[in-house]
Amino acid sequence: MAAVAMMVSCGNKQQAGGGEAAADQSAKPFEFSVQNHITGTTGPNCFLPELGSDIAFKTSGEGDVLDVEATVKIKHSDKTEVKEPRETSELWISGRQDDNKDTEVKLTADEENQKKLEEWFKKPAGEEVEITFKGKAPKADLEKLNGKECTNTLVF
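Keep in mind the model is a prediction, meaning the values are calculated, not measured.

Student: Kindly report on the overall build of the protein chain, identifying the contributing residues and their values.
Tutor: Secondary structure assignment for the protein chain yields three helices and seven strands. Reading the secondary structure of the protein chain in the N-to-C direction produces α-β-β-β-β-β-α-β-α-β. Each of the 156 residues in the protein chain was classed as buried or not, and the buried ones make up 32%. Sequence-distant contacts in the protein chain: of pairs separated by 6 or more residues, those separated by 24 or more amount to 73%. Approximately 9,800 Å² of the protein chain is accessible, and the part contributed by carbon and sulfur atoms is 48%.

In structure tokens, the structure reads:
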């Protein structure tokens with residue numbers, strides 16, 4: 001009798017757990033990452049950051065277009081000559097697909113992060129700053145780049 005009660009009890013938990021797990025899956029945001037770090041820089045101040053910084057991504061929203069944030073902690077190289085900065089700095093994530101076409105996602109530093117970056121430009125070698133780039137991207141493009149080795153370029 002105890003065995004029957006236990007089987008019934010476990011069966012109910014599995015059913016309830018299955019429903020909760022399904023609900024958790026639908027509420028879980030799309031997770032995005034790339035295999036590698038910052039691979040390149042471009043722009044008038046491209047020589048200031050060292051390469052190789054990690055990128056932490058966060059996505060939110062639902063549907064075909066998602067909000068994307070990428071946070072990068074960059075370290076100042078030994079170069080010090082600062083040129084007139086771009087109005088906005090960007091992070092470009094791109095990758096070549098099997099059909100030989102490129103998929104690219106561009107994210108932009110907002111006013112606050114741009115200001116932090118411009119202050120960091122004048123800092124000595126070794127100084128670090130954490131910058132967040134934001135934007136919207138088609139979920140289909142994120143899926144194409146997700147988990148792959150990409151070209152990740154800081155545009156200063």
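Student: I'd like a rundown of the sheet that holds strand 3 (residues 65-75), residues and numbers included.
Tutor: The mixed open sheet is built from seven strands, whose spatial order is 1-7-4-5-6-3-2. The sheet terminates laterally at strand 1 (40-42) and strand 2 (55-60), the two strands that pair on one side only. Neighbour-to-neighbour, the strand axes of the sheet open up by a mean angle of 25°, direction not taken into account. Along the sheet face, helix 2 (residues 111-121) touches strand 3, strand 5 (102-109) and strand 6 (128-138) and points at about 145° away from the line of strand 6.

Student: So what about the confidence of the model for the protein chain? Which residues, and what values?
Tutor: Mean pLDDT for the protein chain: 86, with 83% of residues reaching 70 or above. Under a pLDDT of 50 for its full length, residues 1-19 has, in the predicted model, zero contacts with residues more than four places off or in other chains.

Student: Can you break down the environment of Gly147 residue by residue, with the values?
Tutor: Positionally, Gly147 belongs in the loop between helix 3 (139-145) and strand 7 (151-155). For Gly147, a relative accessible area of 34% puts it in the partly exposed group. C-alpha separation for the pair Gly147 and Glu31, spaced 116 residues apart in sequence, amounts to 9.7 Å. Setting aside anything within four residues of it in sequence, one finds Gly147 in contact with Ser33, Val34 and Gln35.

Student: Can you lay out the nonpolar core for me, pointing to particular residues and giving the numbers?
Tutor: Where a protein is soluble and globular, its nonpolar side chains tend to be buried together. The biggest cluster of nonpolar side chains holds 29 residues, and the ones touching the most others in it are Leu91, Ile93 and Phe133. Among the secondary structure elements, those contributing two or more residues to this core are strand 2, strand 3, strand 4 (90-96), strand 5, helix 2, strand 6 and helix 3. A per-element tally of this core places strand 3 first, with five residues. When near neighbours in sequence (up to four residues on either side) are disregarded, Leu91 contacts Ile38, Ile55, Ala70, Val72, Val105, Lys106, Leu107, Phe133, Thr153 and Leu154.

Student: If you had to explain the pattern of salt bridges to someone new, which residues and values would you point to?
Tutor: A side chain with one charge may pair with a side chain of the opposite charge, provided their charged atoms come close. This structure, assessed with the given rule, holds seven salt bridges. A salt bridge links Lys79 to Asp78; its shortest N-O distance comes to 3.8 Å. Between Lys106 and Glu104 there is a salt bridge whose closest N-O contact spans 3.8 Å. Taking relative accessible area as the criterion, Glu104 reaches 38% and is therefore assigned partly exposed.

The rules behind each value
Residues numbered from 1 in each chain as written. Predicted model: local features only at pLDDT ≥ 70, side-chain atom pairs only at ≥ 80, totals over all residues. Heavy atoms only, no water. Helix = DSSP H or I, 4+ residues; strand = E, 2+ residues; numbered from the N terminus. Buried < 20%, exposed > 50% of the residue type's maximum accessible area, 1.4 Å probe, protein only. Contact = heavy atoms within 4.5 Å. Areas by Shrake-Rupley, 256 points an atom, 1.4 Å probe, with all protein chains shown as cover. Pairing = 2+ DSSP bridges. Axes fitted to C-alpha atoms, helices over the stretch in contact; angles between N-to-C directions. pLDDT = per-residue confidence, 0-100. Core = buried A, V, L, I, M, F, W, Y, C linked by side-chain atoms within 4.5 Å. Salt bridge = Lys/Arg side-chain N within 4 Å of Asp/Glu carboxyl O.

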